[in-house]
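Chain residues, written in single-letter form:
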Amino acid sequence: GQNIDQPTEMTATEGAIVQINCTYQTSGFNGLFWYQQHAGEAPTFLSYNVLDGLEEKGRFSSFLSRSKGYSYLLLKELQMKDSASYLCAVKGNTGKLIFGQGTTLQVKP
Amino acid sequence: SAVISQKPSRDICQRGTSLTIQCQVDSQVTMMFWYRQQPGQSLTLIATANQGSEATYESGFVIDKFPISRPNLTFSTLTVSNLSPEDSSIYLCSAGESSEAFFGQGTRLTVV
């Protein structure tokens, strides 16, 4: 079976750092994606990891450990506009993406 | 990155009718997918749209209810048939290659 877990909700303070975790158990692995989705909008691509390690892209970084079935998305210098849902998705052998339930992040002043 | 145009962006439909959603990609892509996102929830994969052959449906989704066409490598349609209020949702097209997966802006369907 396939299972992707993320926390449902998180709250953080403007200017701080927040880490959103994702654990997965899937049949086959061809990469892990993170998306940001604001209410009423389509998901926006943030990052892609297929090898172990950290990928940094501006204020956002994503980490992958394939042996542990674990990833996290790190958001630095949080801004109010970062309030959104963050979706973890795993690509299996057939190329299709399976999504976790998403983490709603609220950034407070 | 691929640019995906999806239309209509929203529609209100009567029970028992059908809605066809179109997805156009600005470049040829191998993989195209259709997702449903119900209010407050994450994305659920409906099917993989295969070019030149029948779509591959996920558990719980059937061709009679969600017929899909993919005549070429840049275009696909999803039809939601025999609409009921339970079909009210956002439908999203996705496309991309191995390390990419981009989304259209979505179609918000309301069934009355």
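No experiment lies behind these values; they were computed from the predicted model shown. (Residues numbered from 1 in each chain as written. Chains lettered and ligands numbered in written order. Predicted model: local features only at pLDDT ≥ 70, side-chain atom pairs only at ≥ 80, totals over all residues. Heavy atoms only, no water.)

A. Structural context of the environment of proline 8 of chain B. All names here are of chain B. Tracing the backbone through its elements, the reader meets proline 8 in the loop between β1 (4-7) and β2 (10-13). Between the C-alpha atoms of proline 8 and leucine 92, which are 84 residues apart in sequence, the distance is 11 Å. With residues near it in sequence (within four places) discarded, proline 8 still touches Leu19, Thr20, Ile21, Gly106 and Thr107. (Helix = DSSP H or I, 4+ residues; strand = E, 2+ residues; numbered from the N terminus. Contact = heavy atoms within 4.5 Å.)

B. Seen up close, the interface of chain A and chain B. On the chain B side, the residues contacting the 19 residues of chain A number 20 residues. Contact between chain A and chain B buries roughly 1,400 Å² in total, counting both sides, with carbon and sulfur atoms accounting for 58%. Considering only the surface of chain A that becomes buried against chain B, Pro43, Lys96 and Phe99 of chain A emerge as the three largest contributors, covering 30% of it. Counting every contact that joins chain A to chain B gives one salt bridge. Here glutamate 58 of chain B makes a salt bridge to lysine 96 of chain A, at a shortest N to O gap of 2.7 Å. Here chain A is connected to chain B by five residue pairs in polar contact (both at pLDDT 80 or more). Broken down by secondary-structure element, the contributors of at least two residues to the side of chain A that touches chain B are β4 (32-37), β5 (44-49), β9 (84-91) and β10 (97-99) of chain A. In terms of residue class, the side of chain A that touches chain B is made up of ten nonpolar, seven polar and two charged. (Buried area = accessible area lost by both parts, 1.4 Å probe. Salt bridge = Lys/Arg side-chain N within 4 Å of Asp/Glu carboxyl O. Polar contact = N/O pair within 3.5 Å; in protein donor to acceptor, adjacent residues only side chain to side chain. Nonpolar A, V, L, I, M, F, W, Y, C, P; charged D, E, K, R; others polar.)

C. Broad picture of the state of the cysteines. Residue and element names in this part refer to chain B. Applying the stated criterion across every chain yields a total of two disulfides over all chains. Through a disulfide, cysteine 23 is tied to cysteine 93; the S-S separation comes to 1.8 Å. Taking the torsion about the sulfur-sulfur bond, which here is approximately -60°, the covalent link between cysteine 23 and cysteine 93 counts as left-handed. Of this pair, cysteine 23 sits in strand β3 (residues 19-25) while cysteine 93 sits in strand β9 (residues 89-96), and the two are 70 residues apart along the sequence. Each member of the pair, cysteine 23 as well as cysteine 93, carries the same accessibility label: buried. Free cysteine: cysteine 13, not disulfide-bonded; nearest cysteine sulfur from cysteine 23 at 18 Å. Accessibility expressed as a relative area gives 7% for cysteine 13, which makes it buried. (Disulfide = S-S within 2.5 Å. Buried < 20%, exposed > 50% of the residue type's maximum accessible area, 1.4 Å probe, protein only.)

D. Examining the pattern of salt bridges more closely. Within the structure shown, the criterion is met by five salt bridges over all chains. Lysine 76 of chain A is the partner of glutamate 56 of chain A in a salt bridge, and the nearest nitrogen-oxygen pair spans 3.5 Å. Taken together, the residues glutamate 56 of chain A in strand β6 (residues 53-57) and lysine 76 of chain A in the loop between β8 (70-75) and β9 connect sequence positions 20 residues apart. Take glutamate 56 of chain A: its relative accessible area is 55%, and that puts it in the exposed class. With a shortest N-O distance of 2.6 Å, lysine 65 of chain B and aspartate 87 of chain B are connected by a salt bridge. One end of the pair, lysine 65 of chain B, is in the loop between β6 (56-57) and β7 (68-72); the other, aspartate 87 of chain B, is in the loop between β8 (75-80) and β9, and 22 residues separate them in sequence. There is no split in this pair, since lysine 65 of chain B and aspartate 87 of chain B are both buried.

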